[in-house]
Amino acid sequence: MSISAGAAVIPLERTDAWSAVLSHARATGSDSLNALFAADETRAQSLCATACGLTLDFSKQRIDARTLELLLAVAEARDLKTWRTRLMAGEAINHTEGRAVMHVALRAPRGLPMFADGKRIDGDVHDVLDRMAAFSERVRDWSWRGARGDTITDVVNIGIGGSDLGPRMVCEALTAIAGKGPRAHFVANVDGAQLAAVLESVDPARTLFVVTSKTFTTQETMANANAARRWLVDALGAPAVAKHFVAVSTNLDAVTAFGIEPTNAFGFWDWVGGRYSVWSAVGLSAMLRVGPAMFRELLAGAHAMDRHFVEAPFAQNLPVLLGLLAVWNQSALGCSTQVIAPYAQRLVFFADWLQQLEMESNGKYVMRDGTPVTRSTPALWGDVGTNSQHAFFQMLHQGPEVHPVDFILPVKADHALPEQQRLLIANALAQAAALMRGKTADEVRAELVAKGMKGEALEQAIPHRVFPGNRPSNLILLPRLDAFHLGALMAMYEQRTFVLSVLWGINAYDQWGVELGKQLATRLLQPDAKHDPGLDGSTRSHLGLLG
Ligand SMILES: O=P(O)(O)OC[C@H]1O[C@](O)(CO)[C@@H](O)[C@@H]1O
């Protein structure tokens, strides 16, 4: 059953529910966060929700109880419940491609009936998972041998976008607690520097390449996979490909054409979007590194969050709250970007993963019915704390625009350096508090006078040291960065992206915007490109660079 593309979408900003939010915002707009906390010390408890072990403290958002009520009414008015039902039922909500969106089925427990476009899919999902697990065990227990009989010490994932960012992020996040396993390497960039560096560091006889590509046609991935195969064949001969290459794809014909045996191919389906695919066979490289048991824990955490998303009332529903707050910050407060600051070195690739998830999903100029969005969807960016405090936090504190921050903090560390964990936690809390409280000119003056400054020097110094404050943030706490809580965290953001798409009236599941550049790159590589009348003079003048 497909969703009608023609159904007119009313922009969020033109709905009565949103007008009510804005009227309230105008009436309370001058209330600072400091004043809101002074008036109600309990807001830290009342503006807080928990699920699957995660806590979302949103008391440092510029809202009061009434704002929240009105935002929840917006979710109702945008028919979020109906859309959620359509998503979970496997209807073809990706109407521009006529596809269901069923990454939730990839993490559902065995036996739970799941459907895509009316067809039951959970059996196929678990068949592939079981094959991945069996294969991973063989590599990890050293019964899988390379062409010369060697054990596999290194796994190289070749893929880009969703075929890279998810497994790379999960590997980085969980390797520290995963115990022994092959080393995992990730090659995404068509810049040969990345593949060359990896090939220099591994032994062909002990290396397994996992070519990961939903389409198996992506230019960068196929160029890297072909180069890796040439390198392997040069070292070990053509028959070695069968023992050193496996593939992950929905396009099994192309996999066979590449020369990878069907028994070494792990499939998935067109109802899995690339940026939502880490839960599928796309997670194979991560599973090889962390083991099937830990990978299944990741899936269990994500499934727990899916259940929470479906079952919890909106007022306590983490993805719903995050989506509403993001829309509030963007459309009511005019914030054009959203910052992600995980206070966990092991989440160093989290913002990268999330960027593709959010911006490839909701970075659209039209709504579902093809009419323009009324506001741009916010850019999302970030990096780990505390490093980012010494990079872009200056702008967050004193820049002219407000950029709301999600602070993500796993509380208990898995290393034996407790004092550093205390420092990390103190820094995360301090940054959120500083963004909110700011520092007034009077406070600065008092500090400088106490240091003996006076006169013109004092007056000139003051504005540079003032912090405007009143800058909103969420604090997201995980008890620990283990597979279950990582899965829950990722699924929470995936569902937040879905909520945003519903509030804005966008189809989050196509990505036509990546096509034009790809087409042009292919045209530029044609021998007669310099005669291509469709190319501008500037681009044509640089064609000589291609040699
Ligand atoms: O897995 P594939 O088909 O190689 O695609 C890689 C990536 O390219 C895109 O299609 C465009 O960037 C992403 O959606 C996808 O994750």
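Reference entry: report on the structure contained in this document. Predicted, not measured: the structure shown is a model, and the values here were computed from it.

On to the side chain of S249, then. On the secondary structure map, S249 appears in strand β8 (residues 245–249). A polar contact is formed between the side chain of S249 and the backbone oxygen of S213, at a distance of 2.8 Å.

Take the environment of S59 next. In this structure, S59 sits in the loop between β2 (54–57) and α4 (65–77). What makes S59 buried here is its relative accessible area of 1%. Sequence separation between S59 and R43 is 16 residues; the distance between their C-alpha atoms is 5.9 Å. Not counting chain neighbours up to four residues away, the residues in contact with S59 comprise L33, F37, R43, A44 and L47.

On to the sheet that holds strand β1 (residues 48–51). An order of β1-β2-β13-β12-β10-β11 is seen for the 6 strands of this open sheet, with the pairing classed as mixed. This sheet does not close on itself; its edge strands, each paired only once, are β1 and β11 (379–382). Taken pair by pair, the neighbouring strands of this sheet meet at an average axis angle of 20°, ignoring direction. The sheet contact formed by strand β12 (residues 405–412) and strand β13 (residues 473–480) spans 7 bridges and is parallel. The residue bridging I408 from the neighbouring strand is I476, located in β13. Contacts from helix α15 (residues 350–362) reach β10 (337–342), β11 and β12 within the one sheet, and its direction differs from that of β11 by about 175°.

Time to look at the sheet that holds strand β7 (residues 207–212). Across the sheet, which stays open at both edges, the 5 strands sit in the order β6-β5-β7-β8-β9 with parallel pairing between neighbours. Two strands close off the open sheet at either side, each with one partner strand: β6 (183–187) and β9 (265–267). Strand-to-strand twist across the sheet, computed as the mean angle between neighbouring axes with direction ignored, equals 20°. Two strands pair when backbone bridges link them, and β8 and β9 are joined in this way by 3 bridges, in the parallel orientation. Bridging from a neighbouring strand, V248 pairs with F266 of β9. Across the sheet, helix α6 (residues 122–140) touches β7, β8 and β9, and the angle it forms with β9 is around 150°. Each of β5 (154–158), β6 and β7 touches helix α8 (residues 192–201); the most contacted strand, β6, lies at about 155° to it.

What counts, and where the lines are drawn
Residues numbered from 1 in each chain as written. Predicted model: local features only at pLDDT ≥ 70, side-chain atom pairs only at ≥ 80, totals over all residues. Heavy atoms only, no water. Helix = DSSP H or I, 4+ residues; strand = E, 2+ residues; numbered from the N terminus. Polar contact = N/O pair within 3.5 Å; in protein donor to acceptor, adjacent residues only side chain to side chain. Buried < 20%, exposed > 50% of the residue type's maximum accessible area, 1.4 Å probe, protein only. Contact = heavy atoms within 4.5 Å. Pairing = 2+ DSSP bridges. Axes fitted to C-alpha atoms, helices over the stretch in contact; angles between N-to-C directions.

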